[in-house]
Amino acid sequence: MKKLGIYLMAEPETPELARAAVEGGADIVELGFPFSDPLADGPVVRHAAERALSRGMRTRSCLDVLRQTHELVPETPLVPMTYSSLLEAYGWERFAEDVQAAGGASMIVADLPADERPDIRRVQLVAPTSTDDRIALAGASTDGWLYLVTVTGTTGVRSEVSSALPSLVERARRLVGVPLYAGFGISTPEQARSAADLADGIVVGSRALQVAEQGPDALREYVASLRSALDAAPVAVN
């Protein structure tokens, strides 16, 4: 079965939204820990991060949201996603320990190269611009699955799946032996199906955040539409 990841920003409403996403068919929930200068994030995620920060969401309160979310969906992997500066300020080891204690299954540090801080176990990211050596290194050190950034640029809703994805999947399958999940620029069921025809799963962020503003029921319905599209995709063979 193809895996479906949904990205939500850590805010007071997030635990209920995460439960709705899981009820709609999400297999993984990424929790954005807001950062003031998120280089990889497009306008939708940036706006969500700015709103969260304006509401007082800081590392400790985000960890509390992670804990509350884990209590609601204890069987669903929860993966905080943030930036190196936040971990530097909080303490690298302390952050990793507190994420695990709060119920986090792993983490993503969007701007941390694969060969830095090898002691911090995390899901690694690769992009169309990554060299074969970098893809192999990321695949060897990643935590469970490899995040394929399908575009050269920031997150955001796009009109079609990146044309760079087929080549990136082909190289990654040749170089690594872990599941490949594609993200960035996937928003519709049709795009989800197209990406899942190639990869082992997808991650949806910007559009999920937009729908989440309409409440849990809307998010549950949206995620269910993605789930249906993924369930119709063929299983990729390594």
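Residues numbered from 1 in each chain as written. Predicted model: local features only at pLDDT ≥ 70, side-chain atom pairs only at ≥ 80, totals over all residues. Heavy atoms only, no water.

Engineer: Account for the confidence of the model for the protein chain, naming residues and giving values.
Structural biologist: For the protein chain, per-residue confidence averages 92 on the pLDDT scale, and residues scoring 70 or more make up 93% of the total. Every residue in residues 153-159 scores below 50 in pLDDT, and together they form 24 contacts with partners more than four places removed in sequence or on other chains. (pLDDT = per-residue confidence, 0-100. Contact = heavy atoms within 4.5 Å.)

Engineer: Requested: an account of the packing of helix 1 (residues 14-24) against helix 10 (residues 216-231), with residues and values cited.
Structural biologist: Running from N to C, helix 1 and helix 10 point in directions that differ by 30°, and their axes come no closer than 7 Å. Where helix 1 crosses over helix 10, the two elements pack in a sense that is right-handed. Across from E16, L17, A20, A21, E23 and G24 in helix 1, the residues of helix 10 making contact are P216, L219, R220, V223, A224 and R227. Looking at the contact of helix 1 with helix 10, its residues break down into seven nonpolar, one polar and four charged. (Axes fitted to C-alpha atoms, helices over the stretch in contact; angles between N-to-C directions. Helix = DSSP H or I, 4+ residues; strand = E, 2+ residues; numbered from the N terminus. Left-handed = near helix turned anticlockwise from the far one by under 90°. Nonpolar A, V, L, I, M, F, W, Y, C, P; charged D, E, K, R; others polar.)

Engineer: Could you give an account of the side chain of E11, with specific residues and numbers?
Structural biologist: Here E11 lies in the loop between strand 1 (3-9) and helix 1. Other than its neighbours up to four places away in sequence, E11 contacts A48, R51, A52, R55, M57 and V65.

Engineer: Describe in detail the sheet that holds strand 1, supporting the description with residues and values.
Structural biologist: With parallel pairing, the eight strands of this open sheet are ordered in space as 4-3-2-1-8-7-6-5. Edge positions in the sheet fall to strand 4 (108-109) and strand 5 (125-126), since each has one partner strand and no second. Bridge analysis of strand 7 (residues 180-183) against strand 8 (residues 201-204) gives two bridges, and the strand direction is parallel. Bridged to A182 within strand 8 is I202. Of the strands in this sheet, strand 1 and strand 2 (28-32) touch helix 1, which is tilted by about 165° from strand 1. (Pairing = 2+ DSSP bridges.)

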